[in-house]
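Chains, contacts and geometry: an overview
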Amino acid sequence: MTRALYTAAFKELFHLSWPVVGSRLGFMLMGLMDTLIVGHYSAAELGYHSLAWAPTSIFLVTSIGLLVGIQVKTAHFIGADEPHRIGPVFQRGMVYAIILGLFAAVVLFLAGPGLLHLAVKPDMADGASGPLLVFALSMPFYMIAVAGSEFLEGLGRTRPGLIFTWAGNVLNGVLLLLLVPGVITLPGIDSDGAMGAAISTLIARACVMVALIVYVLTLPGIAQYGLLKRHNPDPQGGREQRQIGYAAGASYFIEVAAFAGMTLFAGRISEEAVAVWAIVLNFASIVFMVPMGLAIGCSVLVGRAYGAGDMPGLARIGRVSFSAAAAFMMGVCLVVLIGSQGIAAGYTSDDALRSGVQAALLLSCLFFVPDGVQVVTAQALRARQDVVVAPVLHYIAYGFVMLPVGYWLALHVGQGVPGLIYAAALASWVSAILLQARFMWLDKKALTAMRAAPTE
C-alpha cells in the first residue's frame, strides 16, 4: 500500500512538473541561445552580455520569488475548496507584477551603468551598459508573464506556459540570427553582438506576456473565479500571499545576488574568466530548470495537501520530489563527466576558452546535486506555510559562506574560476543539508501532533 501511494505521488508530480520544466527551460533557453550565438560571434561580446545580464538577473529571479504567493495561495484555495478567494489572488499578483517590473526598469536605468563602471574595467562596463538598458526595458513584460504563468500553475494548468514560452523562443532565435551577426541593423542603434541579443529578448518577452494574459482571461471556466470582478476584502489571504512572496523573494535575492557578485569577481580577473564563469552559470541554470519545475509541481501538490490538512500526503510528496531532483542531478553529473568536451565545444569555438570551460564544467559537478535538492526543499517549505526559516538559511549559505569564500579563493588565493566553483559547492551543500533538516523536523512534529490528537 505504501509503495502504491509513493508511485501515485510520483505520477502526479511528473504530470504537473514536466510542462513546468519545459516552460522554465523555455525561459532559460533565451539566455542559452543568446550565450551560444553571441559566444560564437565574439568572446568579448559574450563578456558584455554576461555583465549586462548579471544585475538584471537579480531583479528577474527575486521578482519570481516575490510572485510565488500567486501560485501557492491559488493551490491552497483549490485544496480548501474556496474558489471565491482565487480571483483576488490573481488581481493582487498582477498589481505586484506591474509594480515590480516598473521598479526594476527604473532602478536598472538609473543605477545599472554606474554599478558596472564601479565593479569592472571601464571598457567592459562601456560594452555592457547598452545591453543592460535594453534588458531593463523588458522587465515589466517579463514580470507580468511570470505572474500569469504562476497563476496557471496554481490551477494545475501547466502546459500553456510551456507552449507560449517555446513560441517566444522561436521568435527570439530568429531575431538573434538576424541581429547578432548584423544581417539586419536597426537605424541609429549599434544592434549587433550583445545589443542584438538584448533587443531580441525584449521583443520575445513582450510577445509571450501578451499571449499568456489573453489566454488566462479567455480560459473556459475561468469565470467562476471572477478574475476581473470586484471582490470583498480578504486581508488574511492577502497577508499570507505577501508573506510567501517576501520569503521566496528574499531567498531568491540572496542566491542570485551572490552568483551575480561572483560574476563581478570574475570580471576582476579577466575577460576569459568572465566568459568561462558565464558559460558555467548558463549550463547550470539550464539543468537547474528541471529541479525548479519539480519544485513548482511539489509546491502545488504540497499546497493542496496543506490546504486540505493532509499531513501524511504532504510528507510523501516532499520525499518523492526531493528524491526525483537528486536523481536527475546525478544524471546531469554523469552526462558532464562523459561529454564535457562536447558541451564546451557547443558553447565556444575559441580553443583556449573551450579548455577552460571543460575543466570548469567538470568541477561544477560538485554543486549540481545539492543545488537541485535545496531549491525543491525550500519551495516545499513555503507551500506548507513555513516562510521564515528558508530565507534565513539561504542568507547563511549564500551570503555568509559563498560570497566571502568565493572572493578569498578566487582573488586572494588566486584560484580564479575554480575558487568560485568551490565556494558555490560549499554553499549549496550547506543550504541543502539545513533545509532538509528543517523539512524532516516539521514532518516529525506534524506526526507527533496527529498521534497526540484525540480520536472519536
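Cut-offs applied
Residues numbered from 1 in each chain as written. Predicted model: local features only at pLDDT ≥ 70, side-chain atom pairs only at ≥ 80, totals over all residues. Heavy atoms only, no water. Helix = DSSP H or I, 4+ residues; strand = E, 2+ residues; numbered from the N terminus. Rg over C-alpha atoms; globule rule 2.2 N^0.38 Å. Buried < 20%, exposed > 50% of the residue type's maximum accessible area, 1.4 Å probe, protein only. Contact = heavy atoms within 4.5 Å. Areas by Shrake-Rupley, 256 points an atom, 1.4 Å probe, with all protein chains shown as cover. Lys, Arg positive; Asp, Glu negative; His and termini not counted. Charge placed at Lys NZ, Arg CZ, Asp CG, Glu CD. Expected span 1.5 Å × (residues − 1). Core = buried A, V, L, I, M, F, W, Y, C linked by side-chain atoms within 4.5 Å. Domains from an automatic or database assignment. Axes fitted to C-alpha atoms, helices over the stretch in contact; angles between N-to-C directions. Parallel < 35°, antiparallel > 145°, perpendicular 65-115°, else oblique. Left-handed = near helix turned anticlockwise from the far one by under 90°. Salt bridge = Lys/Arg side-chain N within 4 Å of Asp/Glu carboxyl O. Buried area = accessible area lost by both parts, 1.4 Å probe.

1. Quick notes on the overall build of the protein chain
A tally of helices and strands in the protein chain yields 14 helices and 0 strands. Listing each helix as α and each strand as β along the protein chain from the N terminus yields α-α-α-α-α-α-α-α-α-α-α-α-α-α. Taken over the C-alpha trace, the protein chain has a radius of gyration of 22 Å; the compact-globule value for 456 residues is 23 Å, and the two agree within 12%. With respect to the principal axes defined by its C-alpha atoms, the protein chain has extents near 75 × 45 × 35 Å. Within the protein chain, the proportion of its 456 residues that are buried is 58%. Sequence separation of 24 or more characterises 84% of the internal contacts of the protein chain that already satisfy a separation of 6 or more. When the accessible area of the protein chain is evaluated, it comes to approximately 18,200 Å², of which 69% is carbon and sulfur surface. For the protein chain, the distance from the average position of its 25 positive side-chain charges to the average position of its 23 negative side-chain charges is 14 Å.

2. Some remarks on the side chain of His 394
Its location among the elements puts His 394 in helix α13 (residues 389-412). A residue is classified by how much of its surface remains accessible, and His 394, at 2% relative accessible area, is buried. Apart from the residues within four sequence positions on either side, His 394 is in contact with Ser 251, Ile 254, Glu 255, Gln 374, Ala 378, Arg 382, Gly 399, Ser 431 and Leu 435.

3. Thoughts on helix α12 (residues 351-383)
In this model, α12 (33 residues) spans 46 Å end to end at C-alpha, consistent with the 48 Å of a helix rising 1.5 Å per residue. Of the residues trailing α12, Gln 385 is marked for its positive phi of about 70 degrees.

4. Looking at the side chain of Thr 74
With respect to the element layout, Thr 74 can be found in helix α3 (residues 68-79). Each residue touching Thr 74, except ones within four places of it in the same chain, is listed here: Gly 69, Ile 86, Val 89, Phe 151, Gly 154 and Leu 155.

5. Describing the nonpolar core
Core analysis: the biggest nonpolar cluster contains 145 residues, and Phe 151, Trp 277, Phe 283, Phe 368 and Met 402 have the highest contact counts within it. Broken down by element, the residue count for this core peaks at 22 residues, all from helix α10 (residues 271-308). Mapping this core onto the domain boundaries places at least three of its residues in each of domain 1 (21-233) and domain 2 (244-448).

6. Quick word on the packing of helix α2 (residues 43-66) against helix α4 (residues 86-119)
Relative placement of two packed helices is described by the angle separating their axes and the distance separating the axes. Running from N to C, α2 and α4 cross one another at 155 degrees; their axes reach a closest spacing of 10 Å. The angle between the axes of α2 and α4 places the two elements in the roughly antiparallel class. Along this stretch, α2 crosses α4, giving a crossing that reads as right-handed. Residue-level inspection shows Leu 51, Pro 55, Thr 56, Phe 59, Ser 63 and Leu 66 of α2 in contact with α4, the latter providing Leu 100, Phe 103, Ala 104, Val 107, Leu 108 and Leu 116.

7. Details of the environment of Ala 198
Tracing the sequence through the fold places Ala 198 in helix α8 (residues 193-217). The sequence separation of Ala 198 and Asn 169 amounts to 29 residues, and the corresponding C-alpha distance is 13 Å. The contact partners of Ala 198, leaving out residues within four places of it in the chain, are Pro 131, Val 134 and Phe 135.

8. Some remarks on the pattern of salt bridges
On inspection of all chains with the given rule, the structure shows 3 salt bridges. Taking the shortest distance from any N to any O, the salt bridge between Asp 443 and Arg 319 comes out at 2.4 Å. Of this pair, Asp 443 sits in helix α14 (residues 417-452) while Arg 319 sits in helix α11 (residues 311-347); the two residues are 124 residues apart in sequence, bridging distant segments of the chain. For Asp 443, the salt bridge goes to Arg 384, with nearest N and O atoms at 2.8 Å. Remark: Arg 384 occurs in the loop between α12 and α13 and Asp 443 occurs in helix α14; sequence separation between them is 59 residues. For the pair Asp 443 and Arg 384, one class covers both residues: buried. Taken together, the shared-partner salt bridges connect Arg 319, Arg 384 and Asp 443 into one network.

9. So, helix α9 (residues 235-267)
Its 33 residues give α9 an end-to-end C-alpha distance of 46 Å, which sits within 8% of 48 Å, the value for a rise of 1.5 Å per residue. Of all 33 residues in α9, 24 are buried, a share of seventy percent or more.

10. Concerning the domain arrangement of the protein chain
Splitting the protein chain by domain gives domain 1 (21-233) and domain 2 (244-448). Domain 1 and domain 2 are separated by 21 Å when their C-alpha centres are compared. Of the residues lining the interface, 41 residues belong to domain 1; the matching set on domain 2 comes to 44 residues. A combined buried area of about 3,500 Å² lies between domain 1 and domain 2, and 73% of that area is made up of carbon and sulfur atoms. For the side of domain 1 that touches domain 2, the secondary-structure elements that each account for two or more residues are α1 (2-41), α2, α3, α5 (122-137) and α6 (139-154). Ranked by residues supplied to the side of domain 1 that touches domain 2, first place goes to α2 with 13 residues.

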